[in-house]
Amino acid sequence: MKKTLQQKAEHILDSNFKTEGEFTIPCENLYPFQWFWDSGLIAIGFAHYDMQKAEREIKTLLKAQWSNGFIPHIIFHTETDSYFPGANFHRSDLHPESNPKYKSTGMTQPPVTGFVLKEIYRISEVKESTLKFIETQIDKVYDNHRYFYENRDPQNEGLVYIYHNWESGTDNSPIWDDIWETMNPPEYDFERRDTTHVDPEERPSKREYDHYLHIIEIAKANNYNDEKIAELSPFLVQDPLFNAMLIKSNESLIELYNLIGGNENKIKQLKKWQQKSKTAFNDKLFDEELGAYVHYDLRNEKALRYLSSSSFAPLFANIPDTEKAETMVDVMMEKFGNENQYLCASFDPTSERFNPKKYWRGPVWVNLNWMLYNGLKQYGFNDIAERVKTDTITIIENNGFYEYFDSRKEMHKDNKAGYGGNNFSWTAALLIDLLNE
Ligand code: 9WN
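In short, a report on the structure.

Relative to the 16 Å expected for 12 residues at 1.5 Å per residue, helix α17 (residues 425–436) spans 17 Å between its end C-alpha atoms, a close match to the ideal helical length. Among the residues of α17, Ser425, Trp426, Thr427, Ala428, Ala429, Leu430, Leu431, Ile432, Asp433 and Leu434 are the ones counted as buried.

Over its 12 residues, helix α2 (residues 36–47) runs 17 Å from end to end, which matches the ideal 16 Å to within 8%, given 1.5 Å per residue. With 12 of its 12 residues buried, α2 lies for the most part within the structure. Within α2, burial applies to Phe36, Trp37, Asp38, Ser39, Gly40, Leu41, Ile42, Ala43, Ile44, Gly45, Phe46 and Ala47.

Our next topic: a negative patch on the surface. A grouping of Glu288, Asp321, Glu323, Glu326, Asp330 and Glu334 is seen on the molecular surface, where their side chains present a negatively charged patch. With respect to the element layout, Glu326 can be found in helix α14 (residues 322–335).

What follows concerns the environment of Asn250. Looking at where Asn250 falls in the secondary structure, it is placed in helix α12 (residues 240–260). With relative accessibility at 0%, the residue Asn250 sits in the buried group. Along the backbone, Asn250 and Pro185 are 65 residues apart, and their C-alpha atoms lie at a distance of 37 Å. When sequence neighbours within four positions are dropped, the list of residues in contact with Asn250 reads His145, Tyr149, Leu270, Trp273 and Gln274.

Another point: the side chain of Glu57. Looking at the secondary structure, you find Glu57 in helix α3 (residues 51–63). This buried residue, Glu57, is left without a salt bridge; Arg56 holds the nearest opposite charge, at 8.5 Å. A distance of 3.4 Å separates the side chain of Glu57 from the side chain of Gln34, its partner in a polar contact.

Next up on the list: the site of the ligand. Around the ligand sit 16 residues, and of these Asp38, Tyr83, Gly169, Asp171 and Tyr359 come closest. Interatomic distance of 2.6 Å between a side-chain N/O atom of Asp171 and an oxygen atom of the ligand. Between the ligand and Trp360 there is a distance of 2.8 Å, counted from an oxygen atom to a side-chain nitrogen or oxygen. If the ligand stood free it would expose 410 Å²; the protein chains cover 100% of that surface. Across the shell around the ligand, the residue classes tally to 10 nonpolar, three polar and three charged.

Following the sequence through the fold, Asp433 ends up in helix α17. Residue classification places Asp433 among the buried residues on the basis of a relative accessible area of 2%. Apart from the residues within four sequence positions on either side, Asp433 is in contact with Ile44, His48, Glu119, Arg122, Ile123 and Trp370.

Of all hydrophobic cores here, the largest spans 154 residues; its most connected members are Tyr163 and Leu376. Ranked by residues supplied to this core, first place goes to α12 with 10 residues. What Tyr163 contacts, discounting residues up to four positions off in sequence, is Gly106, Met107, Arg152, Ile215, Ala219, Tyr224, Ile229, Ser233, Phe235 and Leu236.

This brings us to unusual backbone geometry. Residues Phe84 and Pro85 are joined by a peptide bond in cis, for which omega reads -5°. Structurally, the position occupied by Pro85 is in the loop between β4 (74–75) and α4 (87–90). Backbone torsion omega between Leu343 and Cys344 reads -5°, so that peptide bond is classified as cis. Relative to the helices and strands, Cys344 is located in the loop between α14 and α15 (366–378). Backbone geometry at Tyr224 places phi at a positive 55°, although glycine is not the residue there. With respect to the helices and strands, Tyr224 occurs in the loop between α10 (206–221) and α11 (226–232). Residue class for Tyr224 comes out buried when judged on its relative accessible area of 2%. The phi torsion at Asn423 lies on the positive side, around 50°, for a residue other than glycine. With respect to the helices and strands, Asn423 occurs in the loop between β11 (418–419) and α17. Judged by its relative accessible area of 40%, Asn423 falls in the partly exposed class.

A separate point is the sheet that holds strand β9 (residues 302–304). Taken together, three strands build an open sheet; the order of strands is β5-β8-β9 and the sheet is antiparallel. In this open sheet, the two strands that pair with only one neighbour each are β5 (237–238) and β9. Here strand β8 (residues 295–297) runs beside β9; their pairing, made up of three bridges, is antiparallel. Each bridged residue has a counterpart across the sheet, and for Asp297 the counterpart in β9 is Lys302.

This next bit is on the pattern of salt bridges. Per the counting criterion, the structure on display carries 34 salt bridges. Across the salt bridge formed by Arg122 and Asp433, the nearest N and O atoms sit 3.1 Å from each other. One end of the pair, Arg122, is in helix α5 (residues 113–123); the other, Asp433, is in helix α17, with 311 residues separating them in the sequence. On the accessibility criterion, Arg122 (38% relative accessible area) is partly exposed. A salt bridge links Arg146 to Asp143, with the nearest nitrogen and oxygen atoms 3.1 Å apart. Within this pair, Arg146 and its partner Asp143 are both found in helix α6 (residues 127–151), separated by three residues, close to a single helical turn.

Each value, and the rule that gives it
- Residues numbered from 1 in each chain as written.
- Predicted model: local features only at pLDDT ≥ 70, side-chain atom pairs only at ≥ 80, totals over all residues.
- Heavy atoms only, no water.
- Helix = DSSP H or I, 4+ residues; strand = E, 2+ residues; numbered from the N terminus.
- Expected span 1.5 Å × (residues − 1).
- Buried < 20%, exposed > 50% of the residue type's maximum accessible area, 1.4 Å probe, protein only.
- Patch = residues over 30% accessible without salt bridge, like charges linked within 9 Å, V, L, I, M, F, W, Y side chains within 5 Å.
- Areas by Shrake-Rupley, 256 points an atom, 1.4 Å probe, with all protein chains shown as cover.
- Salt bridge = Lys/Arg side-chain N within 4 Å of Asp/Glu carboxyl O.
- Lys, Arg positive; Asp, Glu negative; His and termini not counted.
- Charge placed at Lys NZ, Arg CZ, Asp CG, Glu CD.
- Contact = heavy atoms within 4.5 Å.
- Polar contact = N/O pair within 3.5 Å; in protein donor to acceptor, adjacent residues only side chain to side chain.
- Near = heavy atom within 4 Å.
- Nonpolar A, V, L, I, M, F, W, Y, C, P; charged D, E, K, R; others polar.
- Core = buried A, V, L, I, M, F, W, Y, C linked by side-chain atoms within 4.5 Å.
- Pairing = 2+ DSSP bridges.

Written out as structure tokens, the structure is:
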């Protein structure tokens, strides 16, 4: 019997689940460990048909938390040299508060865990027992937010910085080109692994990797000390996607703590952070001329004035007022919403820097589409939300469960328009959510 799309998606998630470590890899070969934001989004998919796995995914992730509240971007549960740079390059042990039980990177990723807990609760058919599970984990997520506000906001603005493009999740966005222009790293000698699994045309260049490694070398030379990183890292950015994830997660933590009861002090603190963050986000990151949110380069004190799918992610976190939201949606439809494009390209299709085949430089990503879909619905843009949903399902149906997809519709006629890793976990997980909401 022919498998349905949902069955195919469940099969991918189940195959990528690793019983020996109780976590799910993003995909075979290319990404063989546990990644922070992948795991969160994967748990949303599991919650629809296997709540135990959803809970285990989050539990395993949070077990690797450091004593200062930090959650690493990759946790190297297993040994394999199919990924570079691995545990021996990252050396998380250099940080005095790193977790001695788990080798990891010394950088983080978008803080999705708060809203993921809320999503799991929404999906659950046994709310009481799910809330009990959440009760065992929620303080760890709170501690993670405290880590961000206490260590990643040197000017006490309510906006946290990222110090590496791999922390953004949107790893080789053309936005970072402006930062690479301010750097001149050495040419390192290393063996890439990603390009043995995936067409190099779809991945970053060797020179880009030199920049990525150089920032880590600086952080390592300072034992991943946050203050030193804030002082010395050539990459120091306030990213609208990253901060929107934190704000959305604050909102979810407040709702969940209210359901659990007690915890008045934590709710009070979360509300304070939330108020300050939302105000600063709107004051500093909204670009009136472009009509959407942009990144801010804290190292060089200037806005990075480009439109990307991150510019619209704040809709998901209820950050813009309705007027701003309308402007953003108009801009999105004008630049990204042409009938010959699938929604939503990861970078402005009208820009010279747009590359619809390469990683974060243009292709459509299912995780950003899922946020956009939910954000648009929250503001009542139901028709456009439906288009995002239909486009997402169509590109997966036509091509398979890829990591990213060409945004140009013409490429979907006779060619294979899915790129990067295949049988990709969050593509499967979020499709399940879209099919069942
Ligand atoms: C580095 C795992 C990760 C995602 C990122 C995506 C890609 C890694 C890489 O894969 O990044 O973290 O080696 O390219 O850009 O968003 O979490 O799926």
